[in-house]
Amino acid sequence: MIKGRKANREIEVLNQISHVIVRQKNVSLLLKEVLDILYREIGLQRGTVTLRRGSAVYIEASHGLTEAEIKRGKYNIGEGITGRVAQIGKPIIIPEISDDPNFLDRTQSRSDLQGIAFLCVPIIYEGEVIGTMSMDRTKGPETDLEKDFNLLETVANILADAVSIIFIEKEERDRLLEENRLLKLELDENPRPTNIIGNCSKMREIYLMISQVSDSMATVLIRGGSGTGKELVARALHRGSSRRSNPFVIVNCAALPENLIESELFGHEKGSFTGASNRRIGRIEAAHTGTIFLDEIGDLRPPMQVKLLRFLQERTFQRIGSNQEHKVDVRVIAATSVKLENMIVSGDFREDLYYRLNVFPIVLPDLKDRRSDIMLLADSFLAKYNKLYNKSIKRISTPAINAMMNYNWPGNVRELESCIERAVLTSADETVHLHNLPPTLQAEQKFPSTVNYAKMDADFDTLVSSFERELIVDALKLKNGNIAAAARHLKLTPRILHYKIKQLNIDISQYKG
């Protein structure tokens, strides 16, 4: 009768566990419920399910353990009874844990080791040990460790599929975390602001400098030709700083009349000059706690340079018409497309202001010096204007690519963007063709400036004509099709230049701005 009751008890345990497996979709809760069933039905005192991660197993679910005890439940493979089962993939029964020196009691959950048996079985999935299942059993007159062990082994086999789900999920999570760590490390080593496109070595140097100085108060002077992306770099510096949530104020010094620049920067009081009907807060005050970007700083006249220098030294200013000093917390970024050193020599720019601004210079390369980025930028602009104009242009033809790669891009990235916008608007199919590009690029493709005339298989007159055409076309581009200005640039008379243009069949309308 006793054997019959035990058999029925085991069937009842397995029946309850099967119902839980069908009902419970959360695997962690499933394992907890299974351990609770073993506690209720067979007198399990403490129980754990461990999962293997790397070279150790960790407690995933338990019964009878506190959170602190669970955290201590880590076993290196081969360490103690649990680690040994995970290593050999075979069950171990310890009839009396107080007599076994290999039993670690790592969780420190047992106040008395006397009279307690420990059973531990492996959880095997597709021939691999992915964890263990164990239980403490208080020994009594009716305790049958062999039957308890068989039942525990059966339960572990039933749960193998469910436990494998957790195992695979954790492996995938660990893999993603490692990938994320490696990606973050790569980005840390070569950070690229999200608003700037380019992977060439010169741009990677720029990204490194941005990451070095962005979260500081240092004044940055961004240098580069028109259209190279100076404002984008300034925005990247602001976004990379702790001021990113505060104002970013732009002042284009070249666009403001000389008599208004002081009012724009520092503000004015009501009645301070004719037309000052109200008090006005200046751009510097508006940028308090944020960043002010002074674009084309070389266009500031000397009297305004003195006042800006005082502000950079003291971080205080006075509104026009007021003697009151105002102190602001503003990070200053300046930019210029001219050589300030030449302006210092000519007396047009203060040397002391130059050194105040040039604390951390960033020099942007021209687009012609980063040709490997041309198609990367072109693809980005293509996607932008496809979306803006509801077009679906998918590719750029080879002749168009060759034209863009051979062109010198005097207007830099801004000119490239305008070129792609025009191409998107004029394309009649899903391709940007050579004829969709501006005439300047088409002319450049016919008479590329990178031609090595000495290696051309042509007679002398043809070579001379080609070289003359290149010189004249470059001058017309530079002077926006103005023949008189182009003639002065080439040190020719307008009459001779007219004659050459007619002789070489140059269409000057292509170059008129």
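Now for a description of the structure that goes with this document. Everything numeric here is computed off the predicted structure, so don't read it as measured data.

## Side note on the pattern of salt bridges
Here is step 1 of the chain: In the structure shown here, the tally under the stated rule is 19 salt bridges.
Here is step 2 of the chain: Between K32 and D36 there is a salt bridge, and its shortest N-O distance comes to 3.3 Å. Remark: D36 and K32 occur in helix α2 (residues 27-42); sequence separation between them is four residues, near one turn of the helix.
Here is step 3 of the chain: The partner of E285 in a salt bridge is R319, and the shortest N-O contact between them spans 2.8 Å. You can see E285 sitting in helix α9 (residues 283-286) and its partner R319 sitting in the loop between β12 (316-317) and β13 (326-327), a full 34 residues away along the chain. Here E285 and R319 have matching classes, each one buried.
Here is step 4 of the chain: Through salt bridges with shared partners, one network takes in E264, R280 and R283.

## Looking at the side chain of E264
Here is step 1 of the chain: The topology assignment puts E264 in helix α8 (residues 261-266).
Here is step 2 of the chain: Not counting residues within four places of it along the chain, the set of residues in contact with E264 comprises L256, R280, G282 and R283.

## So, the packing of aromatic side chains
Here is step 1 of the chain: Within the structure shown, the criterion is met by seven aromatic pairs.
Here is step 2 of the chain: Both rings, one in Y385 and one in Y389, keep their centres 6.0 Å apart while their planes meet at 15 degrees; by these two values the pair is stacked.
Here is step 3 of the chain: Through a chain of ring-to-ring contacts, the aromatic side chains of F266, F311 and F317 assemble into a single cluster.
Here is step 4 of the chain: The side chain of R53 reaches across the aromatic face of Y58, ending 4.3 Å from its centre.

## Topic: the side chain of S134
Here is step 1 of the chain: Note on placement: S134 falls in strand β6 (residues 128-138).
Here is step 2 of the chain: In this structure the side chain of S134 is engaged in a polar contact, spanning 2.7 Å, whose partner is the side chain of T48.
Here is step 3 of the chain: Excluding residues that lie within four positions of it along the chain, S134 makes contacts with R46, G47, T48, F118, L119, C120 and L152.

## A closer look at a nonpolar patch on the surface
Here is step 1 of the chain: Where nonpolar side chains cluster on the molecular surface, the patch consists of L388, Y389 and L425 and spans about 290 Å² of accessible area.
Here is step 2 of the chain: Assignment of secondary structure puts L388 in helix α13 (residues 374-388).

Cut-off values and rules
- Residue numbers here run from 1 along each chain, matching the order of that chain's written sequence.
- Reporting of local features is limited, given that this is a predicted model, to residues whose pLDDT is at least 70; pairs of side-chain atoms are given and counted only at 80 or more, and all residues count toward the totals for whole chains, interfaces and linings.
- Here the side-chain values reflect all heavy atoms present in the structure, with hydrogen atoms and water set aside.
- Take a side-chain nitrogen of Lys or Arg and a carboxyl oxygen of Asp or Glu: if they are within 4 Å of each other, that pair is a salt bridge.
- What counts as a helix is a DSSP run of H or I of at least four residues, what counts as a strand is a run of E of at least two, and both are numbered from the N terminus.
- The rule is simple: take the accessible area with a 1.4 Å probe, protein chains only, and divide by the maximum for that residue type; under 20% is buried, over 50% is exposed, in between is partly exposed.
- Here, two residues are considered to be in contact whenever any of their heavy atoms come within 4.5 Å of each other.
- Paired rings are identified among Phe, Tyr and Trp, the last through its six-membered ring, by centres lying within 6.5 Å, and are further divided according to the angle between planes into stacked (under 30 degrees), edge-to-face (over 60) and tilted (the rest).
- Geometrically, a lysine NZ or arginine CZ counts as sitting over a ring once it is within 6 Å of the ring centre and also within 35 degrees of the ring normal.
- Here a polar contact is taken to be a pair of N or O atoms separated by no more than 3.5 Å, where protein atoms must pair a possible hydrogen donor with a possible acceptor and residues adjacent in sequence count only if both atoms sit in side chains.
- Within the patch definition used here, like charges are joined within 9 Å and nonpolar side chains (Val, Leu, Ile, Met, Phe, Trp, Tyr) within 5 Å, considering only residues with over 30% relative accessible area and no salt bridge.
- Here, Shrake-Rupley sampling with a 1.4 Å probe gives the accessible areas, and only protein chains in the shown set may cover a residue.

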